[in-house]
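Below, each chain spelled out in residue letters.
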Amino acid sequence: MTKTTTSAPVLGIRALNRATLDRQLLLRRSGLSAKAAVGHLLGLQAQNVKPPYYALAARLEGFTPEALSELMADREVVRIVTMRSTIHTHTAEDCLTLRPLVQPARDRELTNFRKGLEGVDLDRLAFLARDLVEAEPRTMKQLREALLAEWPDADPQALAIAARCRLPLVQVTPRGLWGRSGQVALTTAEHWLGRPAEPAPTPDATVLRYLAAFGPASVKDMQTWAGLTRLRDAFERLRPRLRIFRDENGVELFDLPDAPRPAEDTPAPPRFLPEFDNLLLSHADRTRVVPQEYWGRSWQGNQAYCTLLVDGFLAGVWKLTADALVVEPFGRLTKAQREDVTAEGERMLATLHPGTPYDIRFGTVVPV
């Protein structure tokens with residue numbers, strides 16, 4: 001541990017929690033537009049269609065699902081694989097820059113499929129796949145079948161994944177629109193957005209944006225968020241411009257000098273978050289949001305649950321049934337907390353499911 005680190009102020013778990021919640025627009029609802037919020041948050045985790053809508057409903061004042069759906073229909077936001085090899089909803093601008101930034105991680109991902117890609121010229125594969133999806137959007141099945149005709153001895157799934165790794169493939173609408181259904185069909189970001197990809201931002205610039213949305217944070221925290229390695233040099237270049245803290249374990253934390261760091265006793269209202277919300281996935285040390293005793297409680301096998309925050313920390317899971325919002329707290333809630341959770345649940349339902357009668361029940365969330 002360096003002298004700088006040992007002399008840096010210590011931020012306890014609750015201080016880190018409140019700072020992160022503030023950056024994540026979860027201490028109080030923000031007046032930002034849906035597009036501005038997606039940009040500030042560096043995208044929203046979006047393996048499924050609904051999570052980005054629930055994520056913004058928890059964060060924005062006056063949000064309606066149409067606000068995000070219209071952005072997607074107008075191609076101002078898109079769904080694309082970026083950080084951690086998972087689908088995110090990004091602004092068009094971030095789609096064209098963040099994807100190049102994380103391309104090294106997509107290249108590494110391909111090494112997991114090298115056996116199924118023996119004899120495959122990946123440059124030619126990318127060329128052919130681009131022609132295919134820009135001629136018309138293709139499903140992964142269609143892409144596999146077309147590429148298999150060129151390389152019949154290759155693994156079909158590996159061929160499609162190679163196309164996804166080598167090319168910035170976005171999911172075209174109606175996939176992703178609120179209240180609409182549609183299978184996943186892909187084309188290139190450049191084709192969908194009508195403009196070329198832009199140079200990747202410098203790691204330094206992205207560090208500053210990450211800290212604005214997720215800080216204070218360590219180097220490992222950002223590497224976990226981005227799925228990248230070797231970001232230490234960027235932090236070191238920025239060190240003179242940043243505030244330095246440490247956590248209770250002595251880990252060095254970086255932050256923007258003027259970023260909000262509220263008092264640890266700042267009230268944090270309950271929030272209903274979707275499964276895989278970025279808040280729970282974007283730090284190497286998640287204890288600032290997830291108490292150690294609840295680690296692993298928000299999923300079961302391949303089933304991930306929507307999560308509930310109480311007093312700023314993971315406190316339970318929830319789901320919608322045909323007629324009820326069912327909440328399963330992990331521990332005992334006080335009467336006041338239950339009332340606050342109920343009020344927040346009513347607000348969430350009114351925002352995303354207006355006119356649909358739902359009871360709010362505290363009980364056990366049964367896996368679907």
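## So, the overall build of the chain
Here's step 1: For the chain, the count of helices and strands is 15 helices and 14 strands.
Here's step 2: Taking 21 Å as the expected radius of gyration for a compact globule of 368 residues, we find that the chain reaches 21 Å, a close match to that expectation.
Here's step 3: Principal-axis analysis of the C-alpha atoms gives the chain an extent of 65 × 60 × 35 Å.
Here's step 4: Sequence-distant contacts in the chain: of pairs separated by 6 or more residues, those separated by 24 or more amount to 67%.
Here's step 5: Only carbon and sulfur atoms are counted for the fraction: they give 51% of the accessible area of the chain, which is about 16400 Å².
Here's step 6: Averaging the positions of the 47 positive and the 45 negative side-chain charges in the chain gives two centres separated by 2 Å.

## Considering the sheet that holds strand S12 (residues 313-320)
Here's step 1: Taken in spatial order, the five strands make up an open sheet running S8-S11-S12-S13-S14, and their pairing is mixed. At either end of the open sheet lies a strand with only one pairing partner, and these are strand S8 (271-273) and strand S14 (359-362). Pairwise comparison of adjacent strand axes, ignoring direction, gives a mean angle of 30° for this sheet.
Here's step 2: Where helix H15 (residues 335-352) meets the sheet, its contacts fall on S8, strand S11 (306-310), S12, strand S13 (324-329) and S14, and the angle it forms with S14 comes to roughly 145°.

## Quick look at the packing of aromatic side chains
Here's step 1: Under the criterion given, the structure shown has ten aromatic pairs.
Here's step 2: Centre to centre, the rings of Tyr 210 and Trp 225 are 5.3 Å apart; their planes meet at 40°, and the pair counts as tilted. One end of the pair, Tyr 210, is in helix H12 (residues 203-214); the other, Trp 225, is in helix H13 (residues 219-226), and 15 residues separate them in sequence. For the pair Tyr 210 and Trp 225, one class covers both residues: buried.
Here's step 3: Aromatic pair Phe 214 and Trp 225: ring centres 6.2 Å apart, planes at 45°, arrangement tilted. Highlighted residues: Phe 214 in helix H12 and Trp 225 in helix H13, separated in sequence by eleven residues.

## Considerations on the sheet that holds strand S5 (residues 186-188)
Here's step 1: With respect to topology, five strands assemble into an open sheet ordered S1-S3-S2-S4-S5, the strand pairing being antiparallel. The sheet is open, and its two borders are formed by strand S1 (44-45) and S5, each paired with just one other strand.
Here's step 2: Two elements, strand S2 (residues 77-81) and strand S4 (residues 169-171), share two bridges in a ladder whose sense is antiparallel. Paired with Arg 79 across the two strands is Gln 171, which belongs to S4.

## Some words on the side chain of His 283
Here's step 1: For His 283, the position within the fold is in the loop between S8 and strand S9 (299-300).
Here's step 2: A relative accessible area of 2% means that His 283 is categorised as buried.
Here's step 3: A distance of 2.8 Å separates a polar atom in the side chain of His 283 from the backbone oxygen of Phe 214.
Here's step 4: In this structure the side chain of His 283 is engaged in a polar contact, spanning 3.4 Å, whose partner is the side chain of Arg 288.
Here's step 5: If sequence neighbours within four positions are ignored, His 283 has contacts with Thr 20, Tyr 210, Phe 214, Ala 217, Asp 221, Thr 224 and Arg 288.

## Digging into the layout of surface pockets
One simple way to see leftover space: roll a probe sized like a water molecule over the atoms.
Here's step 1: By volume, the second largest pocket is sized at about 220 Å³.
Here's step 2: Considering the residues around the second largest pocket, the lining is formed by 16 residues, among which Asp 247, Asn 249, Val 251, Asp 285 and Thr 287 are closest to the centre.
Here's step 3: If you list the elements that add at least two residues to the lining of the second largest pocket, you get helix H2 (13-23) and H13.

Scoring rules and cut-offs
Think of each chain on its own: its residues are numbered from 1, step by step along the sequence as written. Local features are withheld for residues below a pLDDT of 70 in this predicted model, meaning they are given only at 70 or higher, and side-chain atom pairs are given and counted only at 80 or more; totals for whole chains, interfaces and linings count all residues. Side-chain figures throughout are based on the complete set of non-hydrogen atoms in the structure, without hydrogens or water. The helix and strand labels rest on DSSP assignments: H or I over at least four residues marks a helix, E over at least two residues marks a strand, and numbering proceeds from the N terminus. Here the globule rule is a power law, 2.2 Å times the number of residues to the power 0.38, and the radius of gyration is based on C-alpha atoms. Contact definition: two residues touch when any of their heavy atoms are within 4.5 Å. Per-residue and other accessible areas were derived by the Shrake-Rupley procedure at a 1.4 Å probe size, with only the shown protein chains allowed to occlude residues. Only four residue types enter the charge count: Lys and Arg as positive, Asp and Glu as negative, with His and the chain ends excluded. All charge positions are set by atom: Lys at NZ, Arg at CZ, Asp at CG, Glu at CD. For two strands to be treated as a pair, DSSP must find at least two bridges joining them. Axes, fitted as lines to C-alpha atoms, cover a helix only where it is in contact. Angles between the N-to-C directions of the axes lie from 0 to 180 degrees. Note on ring pairs: Phe, Tyr and Trp rings are taken, using the six-membered ring of Trp, and paired if centres are within 6.5 Å. Classes follow the plane angle, with under 30 degrees stacked, over 60 edge-to-face and the rest tilted. Only protein chains enter the accessibility calculation, which uses a 1.4 Å probe. A residue is then buried if its area is under 20% of the maximum for its type, exposed if over 50%, and partly exposed in between. Two N or O atoms form a polar contact when they lie within 3.5 Å of each other; inside protein one atom must be a possible hydrogen donor and the other a possible acceptor, and for residues adjacent in sequence the pair counts only when both atoms belong to side chains. Only protein atoms enter the 1 Å grid, on which a cavity is a set of points fitting a 1.4 Å probe that cannot get out and a pocket is an open set with protein on both sides within 12 Å along at least 5 of 7 lines, lining residues being those with an atom within 4 Å of a point. Grid points are joined across faces, edges and corners, and a volume is the space filled by probe spheres set on the points.

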